[in-house]
Amino acid sequence: MNLGDKIHQLRKVNGMSQEELATQLTISRQSISKWELGESIPDTENVLQLSKLFSVTTDYLLNDEYESDKDIPAVILESESVNSKHRSKLKRISLILISIGVFLMIVIPMATFSYVNYADEYVPSSQLWIPILTLLSSIPIILGIILLVSSKNKKRSNY
């Protein structure tokens, strides 16, 4: 897409007429028309103003190969870096959750299991609570596994 097409598209997306855009840039409406038709190109100052006005980079405006700001190599690298950091955080959180769950599954039965002297016979006092607490302690493990799997799926979908 060439510069004129991009200016036209950005102007339409932002609901502006050629006259409104010209007023904002303090130029004539005919200049906007010529840019959009490809008969002339804006000077450096106007390209900078267009960039700020439409919140796009000058690279996007000036390079015909870029269909959006996301096509710019620096933006692609930054996006991949952010995605990688996000996946790394998800992985750490999921491993922490799994570790907490495993720890609870081991500690809860040991901590809740005690014997009560009942008619000269020692009987476990919390036989009912052990399975329930152990089941509850599996929740962090399940959440951790879900996060781990979802972070791997996001990685695959990006390539």
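Residues numbered from 1 in each chain as written. Predicted model: local features only at pLDDT ≥ 70, side-chain atom pairs only at ≥ 80, totals over all residues. Heavy atoms only, no water.

## Some details on the packing of helix 1 (residues 3–13) against helix 3 (residues 29–37)
The geometry of a pair of packed helices is captured by two quantities: the angle between their axes and the separation between those axes.
Phase 1 of the analysis: In the contact formed by helix 1 and helix 3, the axes pass within 6 Å of each other and the chain directions differ by 120°. It follows that helix 1 is oblique to helix 3 by the angle criterion. Contact residues: G4, D5, I7, H8 and R11 in helix 1; I32, W35 and E36 in helix 3.
Phase 2 of the analysis: Partitioned by chemical class, the residues of the contact of helix 1 with helix 3 number 3 nonpolar, 2 polar and 3 charged. (Axes fitted to C-alpha atoms, helices over the stretch in contact; angles between N-to-C directions. Helix = DSSP H or I, 4+ residues; strand = E, 2+ residues; numbered from the N terminus. Parallel < 35°, antiparallel > 145°, perpendicular 65-115°, else oblique. Contact = heavy atoms within 4.5 Å. Nonpolar A, V, L, I, M, F, W, Y, C, P; charged D, E, K, R; others polar.)

## Quick look at the environment of I27
Phase 1 of the analysis: Inspection of the secondary structure assignment puts I27 in the loop between helix 2 (18–25) and helix 3.
Phase 2 of the analysis: Expressed as a C-alpha distance, the spacing of I27 and N46, which sit 19 residues apart in the sequence, is 9.2 Å.
Phase 3 of the analysis: In this view, I27 contacts A22, I32, W35 and N46; residues no more than four positions away in its chain are not counted.

## Comments concerning the side chain of E36
Phase 1 of the analysis: Mapped onto the elements, E36 comes out in helix 3.
Phase 2 of the analysis: Separated by 2.5 Å, the side chains of E36 and R11 make a polar contact.
Phase 3 of the analysis: Those residues in contact with E36 that sit more than four places away from it in its chain are G4, D5, I7, H8, R11 and Q18. (Polar contact = N/O pair within 3.5 Å; in protein donor to acceptor, adjacent residues only side chain to side chain.)

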